[in-house]
Amino acid sequence: MIPYTVNIKLAARTLTGTLNLQNKPAVDWGWQGLIAQGCHSSILIIDPKTTQTIQVLERHKATVVKVKWSRENYHHSLSSPYSLRLASGDASGKIIVWDVVSGTAHCEIQEHSKPIQDLEWLWNQDASRDLLLAVHPPNYIVLWNGDTGTKLWKKSYAENILSFSFDPFDPSNMALLTSEGIVFINDFTPAKPPGSTGKKVYIASPHASPAHNKPAPAPTAPAPTGAKKALNKVKVLITNEKPTAEAVTLNDCLQLSYLPSKRNHMLLLYPREILILDLELSQTVGVVAIERSGVPFTQVIPCAQRDALYCLHENGCITLRVCRSTTAPDEAAGRNAQELVYDLRSQCDAIRVTKTVRPYRMVICPVSENSAGLTVSDGRVMLWELKAHTGRLPTNPGLSPLYSPVSFCGAPLANNQKRIQELSLNTMISQTLIAGEAPPPSSSQQEVQLKFLLTGLLSGLPLPPFAIRMCPPLTTKNINHYQPLLAVGTSNGSVLVYNLTSGLLHKELSVHSCEVRGIEWVSLTSFLSFATSTPNNMGMVRNELQHVDLPTGRCFAFRGERGTDEPAIEMIKVSHLKQYLVVVFRDKPLELWDIRTGTLLREMAKNFPTVTALEWSPSHNLKSLKKKQMAAREAMARQTVSDAEPSTVESSVISMMQDAESKSETSQAISAREHFVFTDTDGQVYHITVEGNAVKDGARIPPDGSMGSIACIAWKGDTLVLGDVDGNLNFWDLKARLSRGIPTHRGWVKKIRFAPGKGNQKLLVMYTDGVEVWDTKEVQMVSSMRIGRNVNYRVLDIDWCTSDKVVLASDDGCIRVLEMAMKSASYRMDEQDLTDPVWCPYLLLPRASFTLKAFLLLQPWSGTFTMDISQVYVPYRSSTQANSPSVLQDPELSLLQRCLLVSRLFGDESDLQFWSVASHYLQSFAQARLLSVPTAEALQHDVGQPGCHGYLDICHDTLCESGYFQKFQLDRVHLQEVKRSSYEHTKKCADQLLLLGQTDRAVQLLLETSADNSSYYCDSLKACLVTTITSSGPSQSTIKLVATNMIANGKLAEGVQLLCLIDKAADACRYLQTYGEWNRAAWLAKVRLNPAESSDVLKRWAEHLCSPQVNQKSKAMLVLLSLGCFHKVGEMLHSMRYFDRAALFIEACLKCGVMELIGAAFVDYARLLRSLGLREGAALWASRAGGPGEQLMEELFQGEGGTPEGLTPANQETGPGVSGEEGDEDRKFAIVEE
């Protein structure tokens, strides 16, 4: 049983509601594992795992139109810790960079006053992680430093820019989607604005272009039939000339983005089709079209881990389409009927779309790529997760089956490791096969089917207007069971009750059939609410006054049958002792009710004055009530005792007293005297006393000449405040009999309320244009808020929620809990009381998050894997245990698997990339070593029979094995060849085929050139040359001379081709590198060179990447990993001070037996662990380091006579102390692995 604690201190917070149309694109799911979403001018931070809002950022004045989390692809350390950084842009052109944990702004950026079109953090720089690229309308792109807010450069373009996309494989390439077409930029650097205006391509509409009327491009391809014909119709042509006027009107491209799963591919989204372009040819190689009855697309997100697309449709349905493998089973159908096909593999349920409810945007978790979030215009966020079902399932006959990978990180999955499969997209489905690759034996693979499961739903407030009322305040008597509940009456007649400690919906009650006008609490758990229907032509309405009991949810009509066809209720007021209720009507005398019995005490006479404002007096005669109650109880008890037998008296006196109490109160209806005051239309103040069912008229005070018609009254202690329709406040001191009028010049005073708490004389005043807080003791204003000046929303209703915090309902559909100063409502995340603990290392202090990481990575000091970090680090016990994925508790996991899992858990992009590549190549080299194959050939090993761990995914591009990469490139050229539609395309295909060494096919293409083409002669000669090349010395030297001359005279591509023809590809690579074409050289080395030569080329590339002007050491390390230069990588990691990664990497290499120890790295990691307070871990790594670690071992165990008794339970097995024998240490370490 958890002791029930009351959190008296409420955090400032915002409860949000429906979204603005401009908020549509403002949502982002970051590597940090959180979703940011714009709602009007605020930004919500949502934790998708527990589906709760953990922060609301408020500083923007205009609607938020873009939000972007910063990328996490850098090495995290104590000096550059895990931090939550978010950039947001609004409709007035302001960009704010936030520190989300504290809710403060790092910097604010303003360039123009038009809405920001697009935002993106640059991710490729090892040097700087603060650069932010923004599109400022109409046609500027500006690079900002997101930490300081300084502008680095600005560049304008000829057309209006709608959005942009960076090439995930080459940071110097980006594409802008403009109002007329696409602009490709290939010289993007943070250092200076792009020099050229970029290469413009226009998207011609499929029907207006004459190109569609021409005959089939090549005699080899038969004319398309049926479905193929239909697809050709929707094929969009990419042209360099500007299309005619009627063609431009059809440019309704919704989105453009590069495919992160394979290089040089891009997708264009249209409402009814998605086009996949191959950028080398600028040619469509795949079309995903919707049939006529299908629902149009609104958005698509391509995945990186697999060649798959998440698509959002107009009805809110999310579909997952996975690229079909190109191994064509029906070779008979010919190779020409080929293109990229994306098969529909899974879809989630649609939502009900209405005028006000529309799906807005979808976001995908970038770490796992298997969960999606959908934002809806009514403020809902729906979280869908992709689940894999294995086993024989009835598959769609047209689809090839999907298989699940059999291994994780090289090790086959054990039966108890099924949880691992759910981790991410690439552990759920295995790679798409490539043409010519033998499918794996079906025995080892399991078929899977994918399904979407709704795992979370976050809903917002309904549409305004709202009526709000806070429950009675916290007192010493109710402290044990107090809950800070806020009742919100809505326009559709329901009442929502929110718990303000957590900000979550406590109950939603459907109470009325029309708009709720007001709520008054009658106890901590029950309230009265009233609603009025729209008036009929006589001005009469239906009044509903309901009494609601919260724990049971029971409602009953408080006024019984009354309420149809009468004037509207203006207000209800409950007396301070919750005994009486006054109901005030528009054109009808007021009614006085007894709340406890639900009876009508008095309906006032017809000549009773019209009430404009009313308030109960706080001074009631409670003492006399208590005396009366005690007397009645004693009398009742005496009577009861005389009836009872004397023997049982002692034991049951107490219970009798209690019985008596309840009986006496009901039978005698004891009630205290209470008073209320009200004003009439002339401003005269009446005073009326109520006791039991007696109502007495008291004194009358004549109107104050300086005041207009009184609109509201508030009374607390000896202070009475009146507010009128002209904005005057009149403060009466009843003790000193003084009154003082203050004109506020703010128009009609709508509501005034005193703050709760003894002696707290603060007053909250609401006007049509804002709110003020006054101190009635000093009679002066404390704080003020006005629409247009410091906020852009209108306040609809007000209340106090604690003695120092106010709650405001506003017309942007939000309810805000604010400090008395009424400044913005961002709060520190660590001050919050969340219902479910949130797993997010980014919320911890830097030191804590690294302790946690080290702790999860390796616990060699105990044989079991525990998630209870409190053994080493106390404060974070609750959050880790609650949410650490149980996968990590499996002691079977190898070190590499553990590193991969932890980097995924932390959302650490650079770690994840490093360990994915490292684990793959460590295993393939270790395997080669076992089979004693020379290492270089291991990489080249026959693609038909991959090792048990498959290939590195093609999204790693030039880091993949050469054989696999070569097959992929051949497959791609083959596709380009099928799709080519002009001479330009054919020429490019021929060039690629020559570089890939496919000379026969290239000759065929060269001979296709028609006689009237200017290059006819040239191409024919080239075809002759290619067929007659022999390896005779003289012809070789001539060709080599020609090639070098060509290259020297600026014809690099042609020269390289000639060198490839005479098998001098290594020289070609060298020339390409000399001329700065590093990526091209790496590509050529992968497809043409033998392992040794290729390795030389790639090593030169790695050196180039390490040079200070390029500064991409992390990329260089990945290249070296793919070459098996593990020792070099270990040294680099250590020299870059990546101590944790270095030590773990070296340890993994030692396990695989592919390198020898670098002791210094272990010592440095041990020092890091010691600084984090993980002493046992430090001792272990220091003892593994051999010589260099001895000194640190002595420091660690100085005061204990040099024998580390407390090192581990494992010590007792190996004998006391650290003997320094390698074997002992290995045994101790191996506990983790066994």
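Remember, predicted model here, so these are calculated numbers, not experimental data. (Residues numbered from 1 in each chain as written. Predicted model: local features only at pLDDT ≥ 70, side-chain atom pairs only at ≥ 80, totals over all residues. Heavy atoms only, no water.)

Before going further, it helps to examine the overall build of the protein chain. Of regular secondary structure, the protein chain possesses 28 helices and 60 strands. With 1234 residues in all, the protein chain has 55% of them scored as buried. Here the contacts in the protein chain between residues at least 6 apart in sequence split such that 55% fall between residues at least 24 apart. (Helix = DSSP H or I, 4+ residues; strand = E, 2+ residues; numbered from the N terminus. Buried < 20%, exposed > 50% of the residue type's maximum accessible area, 1.4 Å probe, protein only. Contact = heavy atoms within 4.5 Å.)

With that out of the way, let us pick up the nonpolar core. Nonpolar side chains tend to gather and get buried jointly when the protein is soluble and globular. Counting 154 residues, the largest nonpolar core has Ile45, Leu86, Leu1084 and Phe1145 as the members making the most contacts within it. Ranked by residue count, the leading element in this core is helix H10 (residues 909-930), at 9 residues. Among residues more than four places away in sequence, those in contact with Leu86 are Ala36, Ile43, Ile45, Leu57, Val67, Lys68, Trp69, Ile96, Val97, Trp98, Val100 and Trp121. Grouped together as the second largest cluster of nonpolar side chains are 31 residues, Leu461, Phe466, Leu486 and Val548 included. (Core = buried A, V, L, I, M, F, W, Y, C linked by side-chain atoms within 4.5 Å.)

Take helix H21 (residues 1113-1123) next. For an α-helix the count is 3.6 residues per turn, leaving residues at separations of three or four pointing the same way. The buried count for H21 comes to 8 of 11 residues, which makes it a mostly enclosed element. Those residues of H21 not exposed but buried are Ala1116, Met1117, Leu1118, Val1119, Leu1120, Leu1121, Ser1122 and Leu1123. Trailing H21 by a residue or two, Gly1124 shows a phi angle of about 80°, which is positive.

In this section: the state of the cysteines. For the structure on display, the rule yields 0 disulfides. This cysteine, Cys1152, is not joined by any disulfide, and Cys1149 carries the nearest cysteine sulfur, 6.8 Å off. (Disulfide = S-S within 2.5 Å.)

What follows is about the sheet that holds strand E38 (residues 516-521). Within the open sheet, the 4 strands sit side by side as E38-E39-E40-E41. Their pairing is antiparallel. Both outer strands of the open sheet, E38 and strand E41 (554-557), are each paired with one neighbouring strand and no more. Sheet twist, expressed as the average angle between the axes of neighbouring strands with direction ignored, equals 25°. (Pairing = 2+ DSSP bridges. Axes fitted to C-alpha atoms, helices over the stretch in contact; angles between N-to-C directions.)

Okay, the sheet that holds strand E47 (residues 674-679) next. The antiparallel open sheet is built from 4 strands, whose spatial order is E46-E47-E48-E49. The open sheet has two edge strands with one neighbour each: strand E46 (613-616) and strand E49 (694-701). Pairwise comparison of adjacent strand axes, ignoring direction, gives a mean angle of 20° for this sheet. Where E47 lies against strand E48 (residues 685-691), 6 bridges are found, and the strand directions are antiparallel. The residue bridging Val677 from the neighbouring strand is His687, located in E48.

With that settled, the discussion passes to the side chain of Thr51. Position of Thr51 relative to the elements: it lies in the loop between strand E4 (42-47) and strand E5 (52-58). With residues up to four places along the chain from it excluded, the contact list for Thr51 reads Leu383, Thr455, Gly456, Leu457 and Leu458.

Tracing the chain through its elements places His40 in the loop between strand E3 (35-39) and E4. Here Asp812 takes part through its backbone oxygen, which lies 3.0 Å from a polar atom of the side chain of His40. If we ignore the near neighbours within four places in the chain, the residues touching His40 are Thr18, Leu19, Asn20, Asn23, Ala62, Thr63, Val64 and Asp812. (Polar contact = N/O pair within 3.5 Å; in protein donor to acceptor, adjacent residues only side chain to side chain.)

This part covers the packing of H10 against helix H22 (residues 1126-1135). Taken N-terminus to C-terminus, the directions of H10 and H22 make an angle of 150°; their axes are 12 Å apart at the nearest point. The orientation of H10 relative to H22 falls into the category roughly antiparallel. Considering the relative orientation of H10 and H22, their crossing is left-handed. Contacts from Phe914, Tyr921, Leu922 and Phe925 in H10 reach Phe1126, Val1129 and Leu1133 in H22. (Parallel < 35°, antiparallel > 145°, perpendicular 65-115°, else oblique. Left-handed = near helix turned anticlockwise from the far one by under 90°.)

Here we come to the pattern of salt bridges. Tallying each qualifying case throughout the model produces 52 salt bridges. Taking the shortest distance from any N to any O, the salt bridge between Asp953 and Arg306 comes out at 3.1 Å. With Asp953 in the loop between helix H11 (935-940) and helix H12 (962-979) and Arg306 in the loop between strand E23 (297-302) and strand E24 (308-313), this pair connects stretches of sequence that are 647 residues apart. Arg794 is the salt-bridge partner of Asp811, the closest N and O atoms lying 3.9 Å from each other. Of the two residues, Asp811 is situated in the loop between strand E59 (805-810) and strand E60 (815-819) and Arg794 in the loop between strand E57 (780-786) and strand E58 (795-802); the sequence distance between them amounts to 17 residues. Take Arg794: its relative accessible area is 40%, and that puts it in the partly exposed class. (Salt bridge = Lys/Arg side-chain N within 4 Å of Asp/Glu carboxyl O.)

Residues Pro137 and Pro138 are joined by a peptide bond in cis, for which omega reads 0°. Relative to the helices and strands, Pro138 resides in the loop between strand E11 (131-136) and strand E12 (140-145). Looking along the chain, the bond that leaves Pro464 and enters Pro465 is cis, with omega of 5°. Tracing the chain through its elements places Pro465 in the loop between strand E33 (446-458) and strand E34 (467-470). Here the phi dihedral of Asp957 falls at roughly 55°; this positive angle occurs in a residue that is not glycine. Considering the arrangement of structural elements, one finds Asp957 in the loop between H11 and H12.

Summary statistics for the protein chain give a mean pLDDT of 80 and a share of 80% for residues scoring 70 or more. Confidence drops under pLDDT 50 across residues 660-667; counting only partners more than four residues distant or on other chains, this segment forms 13 contacts. Here residues 861-884 scores under 50 on pLDDT; set against residues more than four positions off or in separate chains, the count is 54 contacts. (pLDDT = per-residue confidence, 0-100.)

Moving on, we come to helix H24 (residues 1159-1172). Spanning 14 residues, H24 covers 20 Å between terminal C-alpha atoms, matching the ideal 20 Å at 1.5 Å per step. Inspection of H24 places Gly1159, Ala1161, Phe1162, Val1163, Tyr1165, Ala1166, Leu1169 and Leu1172 among the buried residues, and these make up the whole buried set. On its buried face, H24 is in contact with helix H7 (846-857), H22, helix H23 (1139-1152), helix H25 (1175-1184) and helix H26 (1190-1196). Positioned one or two residues after H24, Gly1173 has a phi angle of 90°, which is positive. (Expected span 1.5 Å × (residues − 1).)

The next point concerns the environment of Pro473. Note that Pro473 resides in the loop between E34 and strand E35 (485-489). Take Pro473: its relative accessible area is 39%, and that puts it in the partly exposed class. Sequence separation between Pro473 and Ser803 is 330 residues; the distance between their C-alpha atoms is 8.4 Å. Apart from the residues lying within four places of it in its own chain, the contact partners of Pro473 are Asn478, Tyr482 and Pro756.

All right, on to the packing of aromatic side chains then. Applying the stated criterion across every chain yields a total of 22 aromatic pairs. Judged by centre distance (6.3 Å) and plane angle (55°), the ring pair of Tyr310 and Phe452 falls under tilted. Here Phe452 lies in strand E33 and Tyr310 lies in strand E24, a separation of 142 residues in the sequence. Neither residue differs from the other here; Tyr310 and Phe452 are each classed as buried. Between Phe676 and Phe678, the aromatic rings sit 6.3 Å apart at their centres with planes inclined by 35°, giving tilted as the arrangement. Taking the relative accessible area as the measure of exposure, Phe676 reaches 0% and is therefore buried. A relative accessible area of 0% places Phe678 in the buried class. Feature note: the residues Tyr580, Phe608, Trp616, Phe676, Phe678 and Tyr686 constitute an aromatic cluster, connected by ring pairs. When the ring centre of Tyr140 is taken as reference, the NZ or CZ atom of Lys154 above it lies at 4.2 Å. (Phe/Tyr/Trp six-rings, centres within 6.5 Å; stacked < 30°, edge-to-face > 60°. Lys NZ or Arg CZ within 6 Å of the ring centre and 35° of its normal.)

Let us now look at the pairing of E11. Of all 6 residues that make up E11, 6 are buried, and the element is covered over most of its length. Side chains of E11 alternate between two faces, with Leu131, Leu133 and Val135 and Leu132, Ala134 and His136 buried alike. Where strand E10 (residues 118-121) lies against E11, 4 bridges are found, and the strand directions are antiparallel. Bridged to Trp121 within E11 is Leu132. As defined by bridge partners, E11 adjoins E12 across 6 bridges and the pair is classed as antiparallel.

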